[in-house]
Structures are given as structure tokens and as C-alpha cells.
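One-letter residues, chain by chain:
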Amino acid sequence: MNLNRSEGLGLVEDVLSKLPVDNITHVILAPSFVYLHKVAKMCTDIPKVVAASQDCSANEKGAFTGEVSASMIASCSARYVVLGHSERRTNFTETNELLKTKVGQVFANDLKVIFCCGESLAQRENGVHFDWIKSQISESLFHLSVEEFKNIVIAYEPIWAIGTGVTASTDQAQVVHAFIRNLLVEKYGNEVAENTSILYGGSCQPNNAIELFSQKDIDGGLIGGASLNADDFVAITQSF
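Residues numbered from 1 in each chain as written. Predicted model: local features only at pLDDT ≥ 70, side-chain atom pairs only at ≥ 80, totals over all residues. Heavy atoms only, no water.

Caption draft 1: Spatial organisation of the overall build of the chain. In terms of regular secondary structure, the chain is built from twelve helices and seven strands. A compact globule built from 240 residues should have a C-alpha radius of gyration of about 18 Å, and the chain, at 17 Å, falls within 12% of that. In terms of overall dimensions, the chain has a C-alpha envelope of 45 × 45 × 35 Å along the principal axes. Across the 240 residues in the chain, those meeting the buried criterion constitute 47%. (Helix = DSSP H or I, 4+ residues; strand = E, 2+ residues; numbered from the N terminus. Rg over C-alpha atoms; globule rule 2.2 N^0.38 Å. Buried < 20%, exposed > 50% of the residue type's maximum accessible area, 1.4 Å probe, protein only.)

Caption draft 2: The packing of aromatic side chains, seen in detail. Per the counting criterion, the structure on display carries five aromatic pairs. With 6.3 Å between their ring centres and 45 degrees between their planes, Tyr 156 and Tyr 200 make a pair best called tilted. Within this pair, whereas Tyr 156 is found in strand 5 (residues 152–156), its partner Tyr 200 is found in strand 6 (residues 198–200), the two being separated by 44 residues in sequence. Like Tyr 200, Tyr 156 is buried. With centroids separated by 4.4 Å and ring planes inclined at 5 degrees, the aromatic side chains of Phe 213 and Phe 240 adopt a geometry described as stacked. Of this pair, Phe 213 sits in helix 11 (residues 206–213) while Phe 240 sits in the segment after helix 12 (230–237); the two residues are 27 residues apart in sequence, bridging distant segments of the chain. By relative accessible area, which is 9% here, Phe 213 ends up buried. One aromatic cluster is present, formed by Phe 142, Phe 149 and Tyr 188 through successive ring pairs. Between the NZ or CZ atom of Arg 88 and the centre of the ring of Phe 92, over which it lies, the distance is 4.0 Å. Across from the ring centre of Tyr 188, 5.9 Å away, lies the NZ or CZ of Lys 187, which sits over that ring. (Phe/Tyr/Trp six-rings, centres within 6.5 Å; stacked < 30°, edge-to-face > 60°. Lys NZ or Arg CZ within 6 Å of the ring centre and 35° of its normal.)

Caption draft 3: Focus on the pattern of salt bridges. Taken as a whole, this structure holds eleven salt bridges when the rule is applied. With a closest N to O distance of 2.9 Å, Lys 102 and Asp 55 form a salt bridge. Pair noted here: Lys 102 is in helix 5 (residues 96–108) and Asp 55 is in the loop between strand 2 (49–53) and helix 3 (70–75), with a separation of 47 residues, a long-range link. The pair formed by Lys 102 and Asp 55 is uniform in burial state, with each residue classed as buried. For Glu 119, the salt bridge goes to Arg 124, with nearest N and O atoms at 2.8 Å. Comparing Glu 119 with Arg 124 shows no difference in burial state: the two are buried. (Salt bridge = Lys/Arg side-chain N within 4 Å of Asp/Glu carboxyl O.)

Caption draft 4: Layout of the side chain of Arg 124. Inspection of the secondary structure assignment puts Arg 124 in helix 6 (residues 121–125). Given a relative accessible area of 18%, Arg 124 falls into the buried group. Residues contacting Arg 124, with those up to four places away along its chain left out, are Glu 119, His 129, Tyr 156, Trp 160, Gln 172 and Val 176. (Contact = heavy atoms within 4.5 Å.)

Caption draft 5: Molecular detail of the packing of helix 7 (residues 129–141) against helix 9 (residues 170–188). At a minimum axis separation of 11 Å, helix 7 and helix 9 run at an interaxial angle of 40 degrees. Considered as vectors, helix 7 and helix 9 are oriented oblique to each other. Crossing of helix 7 against helix 9: the hand is right-handed. From helix 7, Phe 130, Ile 133, Lys 134, Ile 137 and Leu 141 reach across to helix 9, where they touch Val 175, Val 176, Phe 179, Ile 180, Leu 183 and Tyr 188. In terms of residue class, the contact of helix 7 with helix 9 is built from ten nonpolar, no polar and one charged. (Axes fitted to C-alpha atoms, helices over the stretch in contact; angles between N-to-C directions. Parallel < 35°, antiparallel > 145°, perpendicular 65-115°, else oblique. Left-handed = near helix turned anticlockwise from the far one by under 90°. Nonpolar A, V, L, I, M, F, W, Y, C, P; charged D, E, K, R; others polar.)

Caption draft 6: Seen up close, the packing of helix 5 against helix 7. Close contact between helix 5 and helix 7 brings their axes to 8 Å; oriented N to C, the two are set at 45 degrees. Relative to helix 7, helix 5 is oriented oblique. The element helix 5 and its partner helix 7 pack so that their crossing is right-handed. Mapping the contact onto sequence places Asn 96, Leu 99, Lys 100 and Val 103 in helix 5 and Ser 135, Gln 136, Glu 139, Ser 140 and Leu 141 in helix 7. A per-class count over the contact of helix 5 with helix 7 returns three nonpolar, four polar and two charged.

Caption draft 7: Inspection of the environment of His 143 at higher detail. Mapping His 143 onto the fold places it in the loop between helix 7 and helix 8 (146–149). Spatially, the C-alpha atom of His 143 lies 8.6 Å from that of Lys 100, the residues being 43 residues apart in sequence. Those residues within four positions of His 143 in sequence are excluded, and the remaining contacts are Lys 100 and Tyr 188. Within the local environment of His 143, its side chain forms a polar contact with the backbone oxygen of Ser 140, the two atoms lying 3.5 Å apart. (Polar contact = N/O pair within 3.5 Å; in protein donor to acceptor, adjacent residues only side chain to side chain.)

Caption draft 8: Spatial organisation of unusual backbone geometry. Residue Lys 48 is not a glycine yet carries a positive backbone phi of 65 degrees. In this structure, Lys 48 sits in the loop between helix 2 (36–42) and strand 2.

Take a look at the structure:
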């Protein structure tokens, strides 16, 4: 929840102008709902750049004041919806079951999902982080068919390493990404697992992006604070 209209759209213009003409990295911009349609239209003729919503309602339509439905998002020309972000889980007590319902709404409107998962510091220190992440993914996503799962991107957020001063090492990130990929192998087989993008969302910056993205199972980033600076964000997108 940053930037007013002129600041937000100015940032998008800056990013788009600085992306290389031959950009080969898939870039997904997830602005506030109130800018979503405009940002999606700005991306229309830019190769490999599309827009995403930061969330959607679990309800199809009706008397849900303040909510935004997946059909509304689709009508704004967005292509993805971010679901289960750590801030949504923490601040709005979103459960795995609720997110399962939201996934259904997204798919019913021919959109794709960026599904977030990750553990707190206490869960990591208590050694339950793998079980926690498995439950997040399996309870919200493993009802999907093989074909449906092809429309899922997973983003791993080590909550304990975001804005806490505690830093996750590249090796720690890779271990969890490999664990997630193995979950997908066990459920859906090698082809789906290898073709599912797993993004890292733990304070990815220009100075660590190359090292992170060089890891076998880290396919990209879910970028937070660094996305508010066009030069930093574009540098990250070119770190593969």
C-alpha cells in the first residue's frame, strides 16, 4: 500500500522505459486495485510484462462492501492474482481453506495464481517450518488437477527474514525451494514440478539477486521494497 496515482503510474512508466528492448524475463506488476486497469493497459504492448492483482475476494459477487471479485480483476485485463501473501495471512487471518476458495474464484475467471507460503521465526526455530509450508500448499492447492496446476506460480516468503534484520542465506532459500519442488514431484510428477516457477520473496535486492537466481530451484523473485525503485527493480529482472 504505497504511492498515490501519479507516483505509482510514474514508477510503472519508469520501469517499462528501462526494461531492455530484448527483455526475456517475465515481469508481473501488482499494483493497488485502484491502479490495476491502467497498469494492465500500460503493459499491453510490452512483451513478457503483465499485471496482477494483490488479492481477490473469496466470493463471486454480492453484498461484500470493499471486496474486489476475480471477475472484476479479469475485466481489468490483469492476468494473475497474488494469494496468501504473508501480510494477508497475518493481518487478515487468511486461512488455507479460505485461500482454497479464492483459488477457485481465480480459476473460474481464467486467471493465474501466484500462491505465497512461508514460515515465521518461531516456526523455523521450533523446526516445524517444513510441515507448515507443506500444509499451506497441500491444503490450498493439492485438490487441483495436473492441468489446473500449470496455472500456479509459488512464492516462498521466509517471514522471519523480511524487515527483521535477520537475513536468510542463499543456501537456506535453496533448501526450502527444493523441498517445495519435491512436494510437487510427489503430488504431480516431474514434468509439472520442473515447469512450476517457484519465486523467492525474502528481501531480494540487486546485490543478492544474481546469487539467488543462480540456485537450481529459485526461478525468480517476489519483490517488495526494491520494486519501489525503478533502477533496482529492473536490475533484479535482469539478474538471470
